[in-house]
Amino acid sequence: MKFNTKTIHGGQEHDKAYGAVMPPIYQTSTYAQSTPGGHKGYEYSRTHNPTRNALENAFASIENGNYGLAFGSGLAAIDAIIKLLKPGDEVVSTNDLYGGTYRLFTKIYESFGIKFHFIGMENADKIESYVNNNTKLIWVETPTNPMLNIIDIKAVSKVAKKHNILLAVDNTFATPYLQRPLDLGADIVMHSATKYLGGHSDVVMGALVVKNKELADRLYFIQNASGAICGPQDSFLVLRGIKTLHVRMQRHCENGKAVAEFLANHPKIEKVYWPGFETHPNHEIAKSQMDNFGGMLSFTTKGNDYDASVKIVEKLKIFTLAESLGGVESLSGHPASMTHASIPKEEREKTGVIDSLIRLSVGIEDIDDLINDLKQALD
Ligand code: P1T
């Protein structure tokens, strides 16, 4: 099955009771048993729920994996991965990443005795100098949030395999429409399904997909034992979102390109971060591991003026100033004061998250309206 068919049919079967084309929302916490242990495969909804299972099968299908797991948020999904580790273990992570992921690693898990090394991974060879016998996980986000850096998943997976380390890739920005990390050698692919997979800014959810059965069993154990699952209604909404992922992503990519090109030619703009530009330092890797360049981009204004950037995001009318990304509607954000405020100023500035940086999630509205909105705000 090709990707555009998988988004609609992958891992799905029609409802066994009445043939409903969409899986019913099984809004139940428990399931009747005829005798202790005499049930129809479902005992309790933290462990299994038919609507969630339909969604988990869809996750596995679109990411070319074998096992999918759904969680109550993207961070809950990342939390489950870190629970594979134990005190004394070490993680090598990208240094440009979602602020909440950084906060989870440093503010929760460092005090549990797990050590994190945050490094620039544009050159995969650099990773080896941070690897030792305690290294158990490499954490990659690509494209990175919010600097749109690109990390060579294949090259990192070679390092991971050589040292028998798990490689997890946060595929939230790219989605499997553009990039399939498991095919490039990752062991775990992770999503904030809140974003493009859900696609309509109405659900908070996380996803994991793996190929390996033993790894899947360990993650299912954590999912059930810790209990950070999502509900059936939210599962239904994200399953519905996935059915249009390919058509939405096509438009996100077209609009993203047009906005990036408009900004790059605007006299008030200092720099535009978008992997589709030939001048982007990892453009060639982006071209080889992604099918297009997506709808996310960031830019700085001349003079690195905090107040000027705040004024721009306040003046935008169609681009709503809000946290999050990946919905049909365009959003703007000011990472230094919003999504990445949990990263110390000194740390975030090392990766380019300076005061004037503005991040755009380019939606699927008419491109003329989006460009005109940016024009009036910059003027
Ligand atoms: O918000 P949640 O569903 O828990 O997902 C966390 C997360 C993980 N990974 C990436 C790359 C993300 O962008 C996010 C969430 N990001 C935002 C809310 C944001 O505005 O960047």
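Here the structure is a predicted model, which means the values were calculated and not measured. (Residues numbered from 1 in each chain as written. Predicted model: local features only at pLDDT ≥ 70, side-chain atom pairs only at ≥ 80, totals over all residues. Heavy atoms only, no water.)

### Here we look at the side chain of Asp-89
As a reminder, the rule being used: A run of H or I in DSSP counts as a helix once it spans at least four residues, and a run of E counts as a strand once it spans at least two, with each numbered from the N terminus. N or O atoms closer than or at 3.5 Å make up a polar contact, with two conditions inside protein: a donor-capable atom paired with an acceptor-capable one, and, for residues adjacent in sequence, both atoms drawn from side chains. Pairs of residues are marked as contacts when any of their non-hydrogen atoms sit within 4.5 Å.
Considering the arrangement of structural elements, one finds Asp-89 in the loop between helix H3 (74-82) and strand S2 (90-94). Among the polar contacts listed, one links the side chain of Asp-89 to the side chain of Lys-136, at a separation of 3.3 Å. Ignoring anything within four residues of it in the chain, the contact list for Asp-89 reads Gly-113, Ile-114, Lys-115, Asn-134 and Lys-136.

### Concerning the site of the ligand
Applicable threshold: Nearness is defined per residue: one heavy atom within 4 Å of the molecule or strand is enough. Reported accessibility uses the Shrake-Rupley method at a 1.4 Å probe radius. Residues are deemed covered only where the shown protein chains occlude them. Gly is put with the polar residues, along with every residue not named as nonpolar or charged; the nonpolar set is Ala, Val, Leu, Ile, Met, Phe, Trp, Tyr, Cys and Pro, and the charged set is Asp, Glu, Lys and Arg. Residue ranges assigned to the domains are those given by an automatic or database domain assignment.
Near the ligand, the surroundings consist of 17 residues, among which Asp-170, Ser-192, Thr-194, Ser-324 and Arg-359 are the closest. At 2.9 Å from an oxygen atom of the ligand is found a main-chain nitrogen or oxygen belonging to Leu-75. In this structure, an oxygen atom belonging to the ligand sits 3.0 Å away from a side-chain N or O atom of Asn-145. If the ligand stood free it would expose 480 Å²; the protein chains cover 93% of that surface. By residue class, the composition of the shell around the ligand is 4 nonpolar, 8 polar and 5 charged. Counting only domains with at least three residues in the shell around the ligand, you end up with domain 1 (3-242) and domain 2 (245-378).

### Focus on the packing of helix H9 (residues 245-264) against helix H13 (residues 367-378)
Stated formally: Helix axes are fitted to C-alpha atoms over the stretch in contact, other axes to C-alpha atoms as well, and angles between N-to-C directions run from 0 to 180 degrees. Should an angle lie under 35 degrees it is considered roughly parallel, over 145 roughly antiparallel, and from 65 to 115 roughly perpendicular; all remaining angles are considered oblique. Crossing handedness is read from the near helix: turned anticlockwise from the far helix by less than a right angle, it gives a left-handed crossing, and turned clockwise, a right-handed one.
Here H9 crosses H13 at 30°, and the two axes come no closer than 10 Å. By the angle between their axes, H9 is roughly parallel relative to H13. Note that H9 runs across H13; the crossing there is right-handed. Contact residues: Asn-255, Ala-258, Val-259, Phe-262 and Leu-263 in H9; Ile-367, Leu-370, Ile-371, Leu-374, Lys-375 and Leu-378 in H13.

### Considering the domain arrangement of the protein chain
Interface size, as often reported, equals the accessible area lost upon joining of the parts. The line we're drawing: Take the accessible area each of two parts loses on contact, using a 1.4 Å probe, and add the two losses: that sum is the buried area.
Taken domain by domain, the protein chain comprises domain 1 (3-242) and domain 2 (245-378). Just the C-alpha atoms count here: the centres of domain 1 and domain 2 sit 25 Å apart. Across the boundary between the two partners, domain 1 contributes 45 residues, which contact 42 residues of domain 2. Summed over both sides, the interface between domain 1 and domain 2 buries roughly 3400 Å², with carbon and sulfur atoms accounting for 62% of that surface.

### Points about the packing of H3 against helix H4 (residues 99-109)
Here H3 crosses H4 at 45°, and the two axes come no closer than 10 Å. The angle between H3 and H4 falls in the class oblique. The two elements H3 and H4 cross, and the hand of that crossing is right-handed. For the pair H3 and H4, contact is made by Leu-75, Ile-78, Asp-79 and Ile-82 and by Gly-100, Thr-101, Arg-103, Leu-104, Phe-105 and Tyr-109, respectively. Its residues placed into classes, the contact of H3 with H4 shows 6 nonpolar, 2 polar and 2 charged.

### Considering the pairing of strand S6 (residues 188-192)
Along a regular strand, successive side chains alternate from one face of the sheet to the other. Selection criterion: To sort residues, take the accessible area from a 1.4 Å probe on protein chains only and compare it with the maximum for the residue type: under 20% means buried, over 50% means exposed, and anything in between is partly exposed. One bridge is not enough; two strands pair if DSSP finds at least two bridges between them.
Burial runs high along S6: 5 of the 5 residues are buried. By the alternation rule, side chains of S6 split into Ile-188, Met-190 and Ser-192 and Val-189 and His-191, which are all buried. Of the strand pairs in this sheet, strand S5 (residues 166-170) and S6 are connected by 3 bridges, and their pairing is parallel. Bridge pairing links Ala-168 to Ile-188 in S6. Judged from the 5 bridges that link them, S6 and strand S7 (residues 206-210) form a sheet pairing that is antiparallel. Considered in S7, the bridge of Met-190 is made with Leu-208.

### Thoughts on H3
In terms of burial, H3 is largely enclosed, as 8 of its 9 residues are buried. Buried within H3 we find Gly-74, Ala-76, Ala-77, Ile-78, Asp-79, Ala-80, Ile-81 and Ile-82.

### Section: the pairing of strand S1 (residues 67-71)
The buried fraction of S1 is high, at 4 of 5 residues. Taken together, the 5 bridges between S1 and S7 define a ladder with antiparallel strand orientation. Paired with Ala-70 across the strands is Ala-207, a residue of S7.

### Observations concerning the sheet that holds S1
Spatially, the 7 strands line up as an open sheet ordered S1-S7-S6-S5-S4-S2-S3, and their pairing is mixed. Strands with a single pairing partner mark the edges of an open sheet, and in this sheet they are S1 and strand S3 (115-119). Here the strands of the sheet are splayed against their neighbours by 20° on average, with no regard to which way each runs. Against the sheet, H3 engages S1, S3, strand S4 (135-141), S5, S6 and S7, with an angle of about 155° to S6. Strands in contact with H4 are S2, S3 and S4; relative to S3, the strand with the most contacts, it is inclined by about 150°.

### Some remarks on the environment of Leu-297
Within the secondary structure, Leu-297 sits in strand S9 (residues 296-301). Exposure remark for Leu-297: the relative accessible area of 0% places this residue in the buried category. Expressed as a C-alpha distance, the spacing of Leu-297 and Ile-364, which sit 67 residues apart in the sequence, is 14 Å. Apart from residues lying up to four places away in sequence, Leu-297 is in contact with Leu-148, Gly-256, Val-259, Ala-260, Leu-263, Val-272, Tyr-273, Trp-274, Ile-358, Arg-359, Leu-360 and Val-362.

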